[in-house]
Amino acid sequence: MTAKKQLQGEVFYPSAEVVEKARLKDWEATAQWAAEDLEGFWASEAEELEWYKKWDQVLDDSKAPFYKWFVGAQTNIVHNAIDRHLKTWRRNKLALIWEGEPGDSRAISYHGLNREVNQFANILKAMGVGKGDRVTIYMGRIPEIMFAMLACAKLGAIHSVVYGGFSVDALQGRIDDSESKVVITADGGWMRGKIVELKQIVDEAVKHSPSVQTVIVVKRTGQEVYMETGRDYWYHDLAQLPIANGDCETEKLDAEDPLFILYTSGTTGTPKAILHTHGGYMVGTSTTLKYVFDLQDDDRWWCAADPGWITGHSYIVYAPLVLGATSFMYEGAPNYPYPDRWWKLIAKYGLSVFYTAPTAIRGLMRFGESWPNRHDLSSLRLLGSVGEPINPEAWKWYHRVIGGERCPIMDTWWQTETGNFMITPTPVVPLKPGSGTRPFFGQEAEILDDDGNLVADGEEGYMVLKHPWPAMLRTIYKNPDRYVEQYWSKYPGYYTTGDSAKRDSDGYFWIIGRVDDVIKVSGYRLGTAEIESALVSHPAVAEAAAIGLPHDVKGQAIHAYCILRAGVGAAPALADELIQHVSDHIGKIARPEEITFVDKLPKTRSGKIMRRLLKARALGLDEGDTSTLED
Ligand code: WTA
């Protein structure tokens, strides 16, 4: 933005240096163009990439909400992420710099990445994996997770990455629902000086799997693990075979062919598989990364998320590679062995753009400024935030202590379903701490009341999106009805985000949080239903209800209410046992903060637990409308 408009509240304007360096100086002009010609805007972005065959139509909305983008085009995201760079000087540019928690490291060029991905793809092919087959990937943050994802994409297989912090039940449910043929894992992963037993968890999860034929195991920790003959293979053994060479043709796909599914928690029941496709996702993720984090050839980008979540899929793996950028990835915990590990990494590798979650900022803030202050963070030029609302206090600390007051913070609001940033500034947009500013080019958001009326500026309501976008989810895998119901039926014609928000008089959006039964713990998305079903799988528990309550570091923490079975006593030791039980079944991230034993749960006459009421009571708030309460 060139002309400074007077904005309300506390505003941080970009410095002259930031504007000077930014590739896009006039936000308003591009926003206006995209608003007037949505398809023209996206087509011109798509033109910057390579296609085996160009599209006949940019957007097909004839079967909305089953939108199609770049109809008739042929492509493969791997062609743009790797193949096309090999023809240019980028062949020898670093694609990935990686450091393991114990301090080992690797640097991989685009040329090297191509060889690794081809080798992995040839191995998968030999295991019978082809177009449309599902492959589950369950690993830590090591380069091979990236190779495995790209190898699947190269063959047209659909990857389903399960976050390595999930445990047996969560993994098993996702493997079975996706009917994966192959599972790719590692012997273990390093986290806080300890080994995460990935292979052991896979063994448990596939014990009764009807679909899994092969488990490929990458050696990471070198510890002894069980290997089942005829099912389990070491990756390094397979890589010795003549078939595992460095050449492999990239499969020519339709732009709308599926790229991956990713399970995420929704309003009810078990997590649903969100489906993304090659063409639109490739255009949307790379365009947003290009404008928002403004990656340039001399940048080193660090998205500190996990590849197992959408943030990692879009902004560690795919978009940076499509842009030909250099990414950094770190295996372990931010505070291991000391709370300055992240800051040390920024200084050591000269990283310039850094993207993380508010929970991590708040967690590291607690250790004080002396930890970051002992490192030279002057290589940084832009910062980012994602996953939950960032409180102004954390924003300002991040801005001052990490960004040296010179780095704008890109607070990006988006979702697994949206595939890419939706509400976000670019470096030249004036910032207000805690607001993601305005919708990205080609998008508009509205705040509606329960009946679908627009609410006044400053008032809270349901946030919806007005226009389709290329990287949008196409459906819920195997469940198209659910896709329509969950996202498109509350307000016909609008995409329902599941978030509540406010818009201020400058048109800036302020996200408040989820309005459904999703809890955001440390930015991780969990469903109350998953936690409750883990609790009732314990023999002592008859009924359970889980809610999220505010937490200083995690944003929200899980609080559970349990009705015990007749004859079971409510001992504190039992509460601890239940907390451990949830952790063993879903993963550490789902550990309840507190368990309260109760005799009754508030329910509607139709038997639905009124979590809203539990929350209001726990917070000592007005209980609101209780007319549907059973008694
Ligand atoms: C929340 C993560 C406020 C929001 C990319 C959304 C945010 C959910 C922000 C999606 C942000 C994400 N400010 N809230 N910048 N980014 N959220 O699918 O509630 O894991 O609906 O995707 O995270 O979570 P998901």
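Higher on the page you've got the structure.
Residues numbered from 1 in each chain as written. Predicted model: local features only at pLDDT ≥ 70, side-chain atom pairs only at ≥ 80, totals over all residues. Heavy atoms only, no water.

Here we take up the environment of His278. Tracing the backbone through its elements, the reader meets His278 in helix 10 (residues 278-292). Separated by 119 residues in the primary sequence, His278 and His159 have C-alpha atoms spaced 12 Å apart. Look past the residues within four positions of His278 in its chain and what remains in contact with it is Thr75, Asn76, Ile77, Ala153, Leu253, Ala255, Asp257, Pro258 and Leu259. (Helix = DSSP H or I, 4+ residues; strand = E, 2+ residues; numbered from the N terminus. Contact = heavy atoms within 4.5 Å.)

Turning next to the environment of Ala575. Position of Ala575 relative to the elements: it lies in helix 18 (residues 572-585). Using a relative accessible area of 11% as the deciding quantity, one classes Ala575 as buried. Sequence separation of Ala575 and Cys562 is 13 residues, and the distance between their C-alpha atoms is 9.4 Å. When residues no more than four places from it in sequence are discounted, the contact partners of Ala575 are Ile595 and Phe597. (Buried < 20%, exposed > 50% of the residue type's maximum accessible area, 1.4 Å probe, protein only.)

The next point concerns the site of the ligand. Lining the immediate environment of the ligand, one finds 17 residues, of which Asp411, Thr412, Thr416, Lys520 and Arg525 sit closest. A distance of 3.1 Å separates a nitrogen atom of the ligand from a polar backbone atom of Gly387. In the model, an oxygen atom of the ligand is placed 2.9 Å from a nitrogen or oxygen of the Asp499 side chain. For the ligand, whose accessible area on its own is 520 Å², the fraction buried by protein is 97%. Contributing elements (two or more residues each) for the shell around the ligand: helix 11 (310-322) and strand 25 (509-514). Counted by class, the shell around the ligand contains 6 nonpolar, 5 polar and 6 charged residues. (Near = heavy atom within 4 Å. Polar contact = N/O pair within 3.5 Å; in protein donor to acceptor, adjacent residues only side chain to side chain. Areas by Shrake-Rupley, 256 points an atom, 1.4 Å probe, with all protein chains shown as cover. Nonpolar A, V, L, I, M, F, W, Y, C, P; charged D, E, K, R; others polar.)

Attention shifts here to the layout of surface pockets. Estimates place the volume of the second largest pocket at around 380 Å³. Lining the second largest pocket we find 20 residues, and of these Gly173, Arg174, Thr270, Pro271 and Glu530 sit closest to its centre. When residues of the lining of the second largest pocket are assigned to their parent elements, the largest contribution, 5 residues, is made by helix 7 (residues 168-178). Along the lines of polarity and charge, the residues of the lining of the second largest pocket split into 9 nonpolar, 5 polar and 6 charged. (1 Å grid on protein atoms, 1.4 Å probe; cavity = no way out; pocket = protein on both sides within 12 Å on 5 of 7 lines; lining within 4 Å. Points joined across faces, edges and corners; volume = space filled by probe spheres on them.)

The next thing to look at is the pairing of strand 7 (residues 158-161). Burial along strand 7 is two-sided: Ile158 and Ser160 and His159 and Val161, pointing in opposite directions, are all buried. Tracing the backbone out of strand 6 (residues 134-138), into helix 6 (residues 143-155) and back to the parallel element strand 7 gives a crossover that is right-handed. In this sheet, strand 14 (residues 258-264) lies alongside strand 7 in parallel orientation, the contact comprising 2 bridges. Note on strand 14: the bridge partner recorded for His159 is Phe260. (Right-handed = clockwise from strand over helix to strand, strands pointing away. Pairing = 2+ DSSP bridges.)

So, on to the environment of Asn114. Inspection of the secondary structure puts Asn114 in helix 5 (residues 110-126). With 171 residues separating them in the primary sequence, Asn114 and Thr285 have C-alpha atoms 21 Å apart.

Residues of helix 12 (residues 341-349) that are buried include every one of Arg341, Trp342, Trp343, Leu345, Ile346 and Tyr349, and no others. Once helix 12 ends, the next one or two residues include Gly350, with phi positive near 60°.

Our focus in this paragraph is a negative patch on the surface. Side chains of Glu36, Asp37, Glu39 and Asp61 sit close together on the surface and give a patch of like negative charge. Topologically, Glu36 is positioned in helix 2 (residues 27-36). (Patch = residues over 30% accessible without salt bridge, like charges linked within 9 Å, V, L, I, M, F, W, Y side chains within 5 Å. Salt bridge = Lys/Arg side-chain N within 4 Å of Asp/Glu carboxyl O. Lys, Arg positive; Asp, Glu negative; His and termini not counted. Charge placed at Lys NZ, Arg CZ, Asp CG, Glu CD.)

This part covers the pattern of salt bridges. Tallied over the entire structure, the rule returns 48 salt bridges. In this structure, Glu45 engages Lys290 in a salt bridge whose closest nitrogen and oxygen atoms are separated by 2.6 Å. A residue pair is termed long-range when its members are at least 10 positions apart, and Glu45 in helix 3 (residues 38-46) and Lys290 in helix 10 qualify at 245 residues. Look at Lys290 and you get buried, because its relative accessible area is 8%. Among the ionic pairs, Arg362 bridges to Glu388, the shortest N-O distance being 3.0 Å. Linking Arg362 in helix 13 (residues 358-365) with Glu388 in the loop between strand 19 (382-385) and helix 15 (392-402), this pair joins segments that are 26 residues apart in sequence. Glu388 shares its class with Arg362; the two are buried.

Direction vectors running N to C along helix 7 and helix 8 (residues 198-206) enclose 55°, while the axes themselves pass 9 Å from each other. Viewed along their axes, helix 7 and helix 8 adopt a mutual orientation that is oblique. In terms of crossing hand, the pair formed by helix 7 and helix 8 is right-handed. Between helix 7, through Val168, Leu171, Gln172 and Ile175, and helix 8, the contact on the second element is made entirely by Ile201, Val202, Glu204, Ala205 and Val206. Each residue belonging to the contact of helix 7 with helix 8 can be placed in one class, and the counts come to 7 nonpolar, 1 polar and 1 charged. (Axes fitted to C-alpha atoms, helices over the stretch in contact; angles between N-to-C directions. Parallel < 35°, antiparallel > 145°, perpendicular 65-115°, else oblique. Left-handed = near helix turned anticlockwise from the far one by under 90°.)

A few words now on the side chain of Ser178. Following the sequence through the fold, Ser178 ends up in helix 7. Overall, Ser178 belongs to the buried group, its relative accessible area being 0%. There is a polar contact of 2.9 Å between the side chain of Ser178 and the side chain of Ser180. What Ser178 contacts, discounting residues up to four positions off in sequence, is Arg134, Thr136, Ile261, Tyr263 and Tyr477.

On the surface, a cluster of positive charge is contributed by Arg192, Lys194, Lys588 and Arg591. Turning to its location among the elements, Lys194 is positioned in strand 10 (residues 194-196). We classify Lys194 as exposed; its relative accessible area is 59%.

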